[in-house]
Amino acid sequence: MPVIKSAMKRVKTNEKAALRNQSQVSNLRSAVKKFEAAAVNGADDKQDLYLSAISKLDQAKTKGLIKANKAARTKSRLTKQLAK
């Protein structure tokens with residue numbers, strides 16, 4: 001446990017950021033899974049779910065939560081599923 005005041009503040013800030021990042025990554029994974037399930041079942045709203053998942057991927061990439069190549073790879077896989 002830090003003793004210096006600024007280090008204590010930093011620990012609190014890091015914990016808040018970690019929770020926020022964890023939440024956003026969880027939302028991203030949920031959006032991707034929802035689209036994949038809709039694509040397999042041939043649901044009517046798969047286009048909307050696709051756009052939502054792509055948007056979440058772009059946001060996560062911009063914020064540095066996932067790497068650019070992972071975002072591109074996932075978007076490519078989702079696009080293939082949409083085309084089927």
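The name an unreviewed UniProt entry assigns to the protein is Small ribosomal subunit protein bS20, from the organism Pediococcus inopinatus. Of the comments in the UniProt record for the protein, the one headed Sequence similarities (unreviewed entry) reads "Belongs to the bacterial ribosomal protein bS20 family." Taken verbatim from the UniProt record of the protein, the Function (unreviewed entry) comment is "Binds directly to 16S ribosomal RNA."

Okay, the overall build of the protein next. For the protein, the helix and strand inventory stands at three helices and zero strands. Moving toward the C terminus, one meets the helices and strands of the protein in the order α-α-α. Taking 2.2 N^0.38 as the reference for a compact globule, 84 residues should give roughly 12 Å; the C-alpha atoms of the protein span a radius of gyration of 17 Å, well beyond that estimate. When contacts within the protein are restricted to residue pairs at least 6 apart in sequence, those whose partners lie at least 24 apart make up 55%. A total of about 6400 Å² of accessible surface is found on the protein, and carbon and sulfur atoms cover 53% of it.

Here the focus is the layout of surface pockets. Roughly 270 Å³ of volume is contained in the largest pocket. Every residue lining the largest pocket is counted, 14 residues in all, and those nearest its centre are Arg29, Val32, Leu57, Lys70 and Thr74. Grouping the constituent residues of the lining of the largest pocket by class yields six nonpolar, two polar and six charged.

Moving on: the side chain of lysine 46. Position of lysine 46 relative to the elements: it lies in helix 2 (residues 46-62). It is aspartate 44 that comes nearest to the buried, bridge-free lysine 46 among opposite-charge side chains, at 8.9 Å. Non-local contacts of lysine 46, meaning those with residues more than four positions away in its chain, are made with Phe35, Ala38, Ala39, Leu82 and Lys84.

What follows concerns helix 1 (residues 5-41). The first and last C-alpha atoms of helix 1 sit 55 Å apart over 37 residues, in line with the 54 Å expected at 1.5 Å per residue. Looking at the packing, one finds that the buried side of helix 1 touches helix 2 and helix 3 (68-83).

This paragraph deals with a positive patch on the surface. A grouping of Arg29, Lys33, Lys70, Arg73, Arg77, Lys80 and Lys84 is seen on the molecular surface, where their side chains present a positively charged patch. Among the elements that line the positive patch, the one with the most residues is helix 3, at four residues. Position of lysine 80 relative to the elements: it lies in helix 3.

This part takes up the environment of lysine 34. Mapped onto the elements, lysine 34 comes out in helix 1. You can call lysine 34 exposed: its relative accessible area is 55%. C-alpha of lysine 34 to C-alpha of leucine 49: the two residues are 15 residues apart in sequence and 7.0 Å apart in space.

Definitions and limits used
- Residues numbered from 1 in each chain as written.
- Predicted model: local features only at pLDDT ≥ 70, side-chain atom pairs only at ≥ 80, totals over all residues.
- Heavy atoms only, no water.
- UniProt positions renumbered as here; feature names shortened; annotations may be inferred.
- Helix = DSSP H or I, 4+ residues; strand = E, 2+ residues; numbered from the N terminus.
- Rg over C-alpha atoms; globule rule 2.2 N^0.38 Å.
- Contact = heavy atoms within 4.5 Å.
- Areas by Shrake-Rupley, 256 points an atom, 1.4 Å probe, with all protein chains shown as cover.
- 1 Å grid on protein atoms, 1.4 Å probe; cavity = no way out; pocket = protein on both sides within 12 Å on 5 of 7 lines; lining within 4 Å.
- Points joined across faces, edges and corners; volume = space filled by probe spheres on them.
- Nonpolar A, V, L, I, M, F, W, Y, C, P; charged D, E, K, R; others polar.
- Buried < 20%, exposed > 50% of the residue type's maximum accessible area, 1.4 Å probe, protein only.
- Lys, Arg positive; Asp, Glu negative; His and termini not counted.
- Salt bridge = Lys/Arg side-chain N within 4 Å of Asp/Glu carboxyl O.
- Expected span 1.5 Å × (residues − 1).
- Patch = residues over 30% accessible without salt bridge, like charges linked within 9 Å, V, L, I, M, F, W, Y side chains within 5 Å.
- Charge placed at Lys NZ, Arg CZ, Asp CG, Glu CD.

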